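Listed below are the residues making up each chain.
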Amino acid sequence: MILWLWLFWGFSIAAGQPDSELLARYLEEKLMADYSVVEQVVRRVPRQTRFLQRLETRPRMSEFTVKATVISRYAFTTVSCTMVNSGSEAREGVFEMQIPAAAFISNFTMSIGNKTYYGEVTGKEKKNSSDDKARTKKPPGPQNARENGYETFKASVFIPRKMQANFLLHYEELLQRRLGKYEYIVSIRPQQLVGRLRVEVNILENSGIVSLEVPPLRNSKHKGNGKVEGDVSPPPSTVIGHTKTLAKVTFSPNVVEQTKIARNGILGDFIVRYDVNRELSVGDIQILNGYFVHYFAPTDLPPLPKNVVFVLDSSASMVGTKLRQTKEALFTILQDLRPEDHFNIIGFSNRIKVWQQDRLVPVTPNNIRDAKKYIHNMSPTGGTNINSALQTGAKLLNDYIAQNDIDARSVSLIIFLTDGRPTVGETQSSKILSNTKDAIRDKFCLFTIGIGNDVDYRLLERMALENCGMTRHFQEDEDAASHLKGFYDEIGTPLLSDIRVDYPEDNVEQVTQNFFPNYFNGSEIIIAGKLINRTSDSLHVEVTASNSKKYILLKTDVAIDLPSKNDITAVPGLEDGKGDQNYIERAWSYLTIKELLNSRLKSDDNQEKEYLMEKAKSMALTYNFVTPFTFLKMREAGLHSESPPEELIRPSTDGIGEKLQSLQGHKAPPGIRRQQDKQRIKISKTSADGDPHFVIDFPSSKFSVCFNIDGEPGDILRLVSDHKESGVTVNGQLIGAPAPPNGHKKHRTYFNTITILSNKPQRSYLEITPTRIILDDGERLILSCDRSAVVRSSSLEVSVSANSNITVTIRDTISFVILIHHYKKPAPYQKDHLGFYISNSKGLSSDSHGLLGQFLNHEVKLLQESLNTSHQQVGQNQTEALKTNLTNTLKVKGRLVPVVWKQRRIYNGQQEVDCWFAKNNADKLIDGSYKDYLASHPFDTGTTSGMINSL
């Protein structure tokens, strides 16, 4: 029997065996080998199509099925194809499949008649490392090139007459998040009408699935980033169903429906888009069988300012469509720049033309108008001087950063676009790479875009990799304008810079990239690693980053033993997955191999390149991945024999496949990891907590005073009012609850919102509830109370201890601690609420007021009431003797306040406080009456009513 296996563009295939479902289907069809059934199906095709089919001599495809399982963004795809040769002589059957270029094939099996061929992943020898095209008839066209995001797998066999051939291909990929969505794409291009065509995509996301959508089929001319304009409805015969964490999408058009889409069988790309629930926290960390994967994609962050230089090719080769579409895209991109951004434009051919010499200009209507005029007047001429263009752009951005007081957390970047290879000036790629790296010096990132067939994609890819950027390639006949705009949208909204993810060094090993210069809105950062100590109960995680004017530290402890959460063996719809159960380990191996491949691509040291190649090859062989350093060797197996265990590849959906350029970062240097802060919070007794109960501590007098405020639900109480001096105001809003049985109160009240305002040196406010914190200092940030985090700006720090407390520090001289009270099984009279404690009041002025603030810089005296109503001042050593006296008096600002001895519990009941209690809503103890401390709204500073000054 003759067997041909075509491998396009160095692309690779991997070995394996069919799973039980596919094997059963195969046996069923074997027993039903009545080809008249297929003929009956085909008779439903229109007459002219039937006529074309009779003219064909190729085998008929009776079945084409795709089954995919996506588990936590990790996609396993199985493609099964059956071809029938009903002719009177042997005919060539060609199985061809486009798959994502970043995917790893993990299995390929063929059965022809009574013979089975399975693939065995084998390491390439050095002498064969450049022989990737040896078996191709000719180099593939650009549509099949790796840089376009897809590769073509092709297997060709001669099928004996009246027999059939079965092909089974498995590949794995990690779905990449772009513009806020994951996108699973499978190519449906059997190149003929198929009697049985079915696509099934199962998705499992424990975080919860949101925004699930299936757009219309996308044809080859529209392979790009982002959504296709005019998305309306799913393809015909598509069925979508999902629960909170599970989704199932099927596409099974009959022959008539296929004909309406495309008579040649090239239906297009079937796409499933979705996102997962997420919040501002350390992210989604999943642990299973000694491996972990960490997905980090925070939301609700204000964008960082950008300093961007556009470097655009205007050489003669850009004439026509390419330059026109580039101009269209730039017009839209300029319009999307934000007022806080700065920018400049460089056009290059054999000459370099800078729009604004030696500076970046702010985004104003006039500057945008003038920039559009400059772009409109660009005309194609001359050669392509890539080296000088990049040197000019890098110098422009470096000088701007050095000479201007720019925001330290702003993001600087170059966006470089060309359609060709260097033809003028320095033309040697290695020199251009070296010069570019020396010019940028790790100070900003370079993003590259190639248009058309003549571009040096490898040069653009490596330039981006070496300078923390990413690259894209578009065809000239595609809608380049929308692709360029889509690419800019991916990088146009930076939210965080200098992101660093740390784990305890004695708990983890072989961790992938954990430092990233930027995080862009709609993307995702992924880190994976191995656990050293599997007996540990938890894994500590810390994420540090910068956001606008804030420094952010997020931290948490993740339980390691999570079989019920991450084990998928009992998940409905995924029962037939065998290899899927180690999806986290395979995700780690995938990311590690990709990192090794990228590191080798960036390296100029031959010894280092050799080491990285051997390491990547060894891991690829271990996990049966086909990479540039491994290939598939097809072997024949007996019809009734079983392949050796090590040669079997499970037909699972294990797999991650994506280019990691969008996540390019570095391993953080060792030895500078932040130490976990284990110091206990230091707070005073001065507080408002519970129903609410107020406690004022007077350290110099060595006693405390307490009182109650019986407010109404909805009341907003002024706790601290020092807006005119220190600029600080604290208000607390009450929530109501029924009174306990047999109680003397008609209802209870608790604080459910604490609002902290500060107007020095700049205005900011915090709104705190038992579930979230909103920080707004001109840029809004939302934190969850169930995750530990630290946010720091020049004058304000917010530290969250998960489900416990929030510490707010203002200018290092004022500190408040807000306790979070949660009830697991609350009684009707119990409500989740907050407690407010003053930790440091040094920064508050002597004029500070409010129910608590008025006592912070004043002392009270304790007097003993004698029988003849004369008063005697009590010394500190006499206080204990007065505890049993039923009638004692405090002297406060000249006022006499009767008090009784009480005990109060604070700090969640962990500490008991002895205090002198003032009755009747603190009558005579506080200035004025209770109602004088009611604010009109949570952000009321009291400066308009004059209330404080009148007291």
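Keep in mind the model is a prediction, meaning the values are calculated, not measured.

Caption draft 1: Quick look at the overall build of the protein chain. Summing up its helical and strand segments, the protein chain has 15 helices and 50 strands in all. A separation of at least 24 residues holds for 71% of the contacts in the protein chain among residues at least 6 apart in sequence. Accessible surface, the protein chain: about 40,200 Å² in total, of which carbon and sulfur atoms supply 48%.

Caption draft 2: Representation of unusual backbone geometry. Looking along the chain, the bond that leaves aspartate 691 and enters proline 692 is cis, with omega of -15°. As for its position among the elements, proline 692 is in the loop between β32 (687-689) and β33 (693-698). Proline 761 follows lysine 760 through a cis peptide bond whose omega is -5°. Secondary-structure assignment places proline 761 in the loop between β37 (747-758) and β38 (764-768). Within the chain, aspartate 358 stands out as a residue other than glycine whose phi angle is a positive 60°. Phi at arginine 811 takes a positive value of approximately 50°, unusual for a residue other than glycine. Counting through the fold element by element, arginine 811 comes out in the loop between β43 (805-810) and β44 (814-821).

Caption draft 3: Looking closely at the nonpolar core. Phe694, Phe707, Ile756, Phe816, Phe836 and Leu925 are the most contacted members of the largest nonpolar core, which totals 84 residues. Setting aside anything within four residues of it in sequence, one finds phenylalanine 694 in contact with Ser687, Ala688, Val705, Cys706, Phe707, Ile709, Leu717, Leu719, Phe751, Leu851, Leu852 and Arg904. Membership of the second largest hydrophobic core comes to 52 residues, among which are Ile105, Ile188, Val276 and Leu632.

Caption draft 4: Focus on the side chain of lysine 306. Here lysine 306 shows up in strand β18 (residues 306-313). For lysine 306, a relative accessible area of 0% corresponds to the buried category.

Caption draft 5: Focus on helix α5 (residues 321-336). If you check α5, its first and last C-alpha atoms are 23 Å apart, about what 16 residues at 1.5 Å a residue would give, namely 22 Å. Residues Lys322, Leu323, Gln325, Thr326, Lys327, Ala329, Leu330, Ile333 and Leu334 constitute the buried set of α5. Its buried side turned inward, α5 meets β18, β19 (342-348), α6 (365-376), β22 (411-418), β23 (445-451) and α10 (480-491).

Caption draft 6: Region of the structure containing the packing of aromatic side chains. By the definition in use, this model includes 22 aromatic pairs. A centroid spacing of 6.3 Å and a plane angle of 50° characterise the contact between phenylalanine 296 and tyrosine 519, whose relative ring orientation is tilted. Within this pair, whereas phenylalanine 296 is found in strand β17 (residues 291-296), its partner tyrosine 519 is found in strand β27 (residues 515-520), the two being separated by 223 residues in sequence. Centroid distance phenylalanine 447 to phenylalanine 520: 5.9 Å. Interplanar angle 80°. Geometry classified as edge-to-face.

Caption draft 7: How the structure looks around the packing of helix α9 (residues 457-466) against helix α12 (residues 583-602). Across the interface, α9 lies against α12 with an axial gap of 10 Å and an inter-helix angle of 105°. By the angle between their axes, α9 is roughly perpendicular relative to α12. Every residue of α12 that contacts α9 at Glu461, Arg462, Leu465 and Glu466 is listed here: Asn598, Leu601 and Lys602.

Caption draft 8: Structural context of the confidence of the model for the protein chain. Looking at the protein chain, the pLDDT average stands at 79 and 78% of residues meet or exceed 70. Segment residues 945-951: pLDDT under 50, and 11 contacts once partners within four positions in sequence are set aside and those in other chains are kept.

Caption draft 9: The arrangement of the pattern of salt bridges in detail. As enumerated under the stated definition, the model contains 36 salt bridges in all. Here aspartate 284 makes a salt bridge to arginine 73, at a shortest N to O gap of 3.3 Å. Taken together, the residues span a long stretch of sequence, with aspartate 284 in strand β16 (residues 284-288) and arginine 73 in the loop between β2 (60-71) and β3 (74-85) at a distance of 211 residues. For the pair aspartate 284 and arginine 73, one class covers both residues: buried. Among the charged side chains, a network of salt bridges with common partners joins Arg73, Arg177, Glu205, Asp275, Arg278, Asp284 and Glu524.

Caption draft 10: Broad picture of the sheet that holds strand β15 (residues 268-276). The four strands lie next to each other as β9-β10-β15-β12, forming an open sheet whose pairing is antiparallel. Both outer strands of the open sheet, β9 (177-178) and β12 (209-213), are each paired with one neighbouring strand and no more. Bridging between strand β10 (residues 181-188) and β15 involves seven bridges; their strand directions are antiparallel. What sits directly across from glutamate 183, in β15, is arginine 273.

Caption draft 11: Structural detail: helix α8 (residues 429-440). A rise of 1.5 Å per residue sets the reference length of α8, with its 12 residues, at 16 Å; its end C-alpha atoms lie 17 Å apart and thus fit the reference within 8%. Looking at the buried residues of α8, the elements they touch are α7 (386-403), β23 and α9. Looking one or two residues beyond α8, the residue adopting positive phi is arginine 441, at roughly 55°.

Caption draft 12: Geometry of the state of the cysteines. Evaluation of the coordinates by the stated rule reveals two disulfides. The disulfide partner of cysteine 445 is cysteine 468, and the gap between their sulfur atoms is 1.9 Å. Taking the sign of the S-S torsion, -105° for the link of cysteine 445 and cysteine 468, the bridge is left-handed. Taken together, the positions of cysteine 445 in strand β23 and cysteine 468 in the loop between α9 and β24 (471-474) put the pair 23 residues apart, joining distant regions of the chain. This pair shows no difference in class: cysteine 445 is buried, exactly as cysteine 468 is. Paired through a disulfide, cysteine 706 and cysteine 915 show a sulfur-sulfur distance of 2.1 Å.

Caption draft 13: The arrangement of the sheet that holds strand β26 (residues 508-509) in detail. Spatially, the four strands line up as an open sheet ordered β16-β17-β28-β26, and their pairing is antiparallel. Taken across any chain shown, the strands that pair with only one partner, and hence form the sheet edges, are β16 and β26. Of the pairings in the sheet, the one linking β16 to β17 comprises five bridges and is antiparallel in character. For isoleucine 287, the partnering residue across the bridge sits in β17 and is phenylalanine 292.

Caption draft 14: Spotlight on the environment of valine 276. Mapped onto the elements of the fold, valine 276 is located in strand β15. Separated by 68 residues in the primary sequence, valine 276 and glycine 208 place their C-alpha atoms 5.4 Å from one another. In contact with valine 276, other than residues within four places in its own chain, are Arg73, Tyr182, Glu205, Ser207, Gly208 and Val210.

Caption draft 15: Structural detail: the packing of α8 against α9. Orientation of α8 relative to α9, taken along the N-to-C sense of each, is 25°, at an axis distance of 10 Å. Comparing their axes, α9 and α8 come out roughly parallel. Along this stretch, α8 crosses α9, giving a crossing that reads as right-handed. Contacts between α8 and α9 involve Ser429, Ile432, Leu433, Thr436 and Lys437 from the former and Leu459, Arg462, Met463 and Glu466 from the latter. Among the residues forming the contact of α8 with α9, the class breakdown is four nonpolar, two polar and three charged.

Caption draft 16: Main features of the pairing of β44. Along β44, eight of the eight residues are buried, which leaves the element largely enclosed by surrounding structure. Residues Ile814, Phe816, Ile818 and Ile820 point to one face of β44 and Ser815, Val817, Leu819 and His821 to the other, with burial holding for every one of them. When β43 meets β44, the two strands line up antiparallel, connected through six bridges. Residue pairing in the sheet places threonine 809 in a bridge with serine 815 of β44. In this structure, the hairpin formed by β43 and β44 is closed by a connection of three residues, where arginine 811 is found at a positive phi of approximately 50°. As judged from the seven bridges shared by β44 and strand β45 (residues 833-840), these two strands associate in the antiparallel manner. Its bridge partner being in β45, leucine 819 is matched across the sheet by glycine 835.

Calculation notes
- Residues numbered from 1 in each chain as written.
- Predicted model: local features only at pLDDT ≥ 70, side-chain atom pairs only at ≥ 80, totals over all residues.
- Heavy atoms only, no water.
- Helix = DSSP H or I, 4+ residues; strand = E, 2+ residues; numbered from the N terminus.
- Contact = heavy atoms within 4.5 Å.
- Areas by Shrake-Rupley, 256 points an atom, 1.4 Å probe, with all protein chains shown as cover.
- Core = buried A, V, L, I, M, F, W, Y, C linked by side-chain atoms within 4.5 Å.
- Buried < 20%, exposed > 50% of the residue type's maximum accessible area, 1.4 Å probe, protein only.
- Expected span 1.5 Å × (residues − 1).
- Phe/Tyr/Trp six-rings, centres within 6.5 Å; stacked < 30°, edge-to-face > 60°.
- Axes fitted to C-alpha atoms, helices over the stretch in contact; angles between N-to-C directions.
- Parallel < 35°, antiparallel > 145°, perpendicular 65-115°, else oblique.
- pLDDT = per-residue confidence, 0-100.
- Salt bridge = Lys/Arg side-chain N within 4 Å of Asp/Glu carboxyl O.
- Pairing = 2+ DSSP bridges.
- Disulfide = S-S within 2.5 Å.
- Left-handed = near helix turned anticlockwise from the far one by under 90°.
- Nonpolar A, V, L, I, M, F, W, Y, C, P; charged D, E, K, R; others polar.

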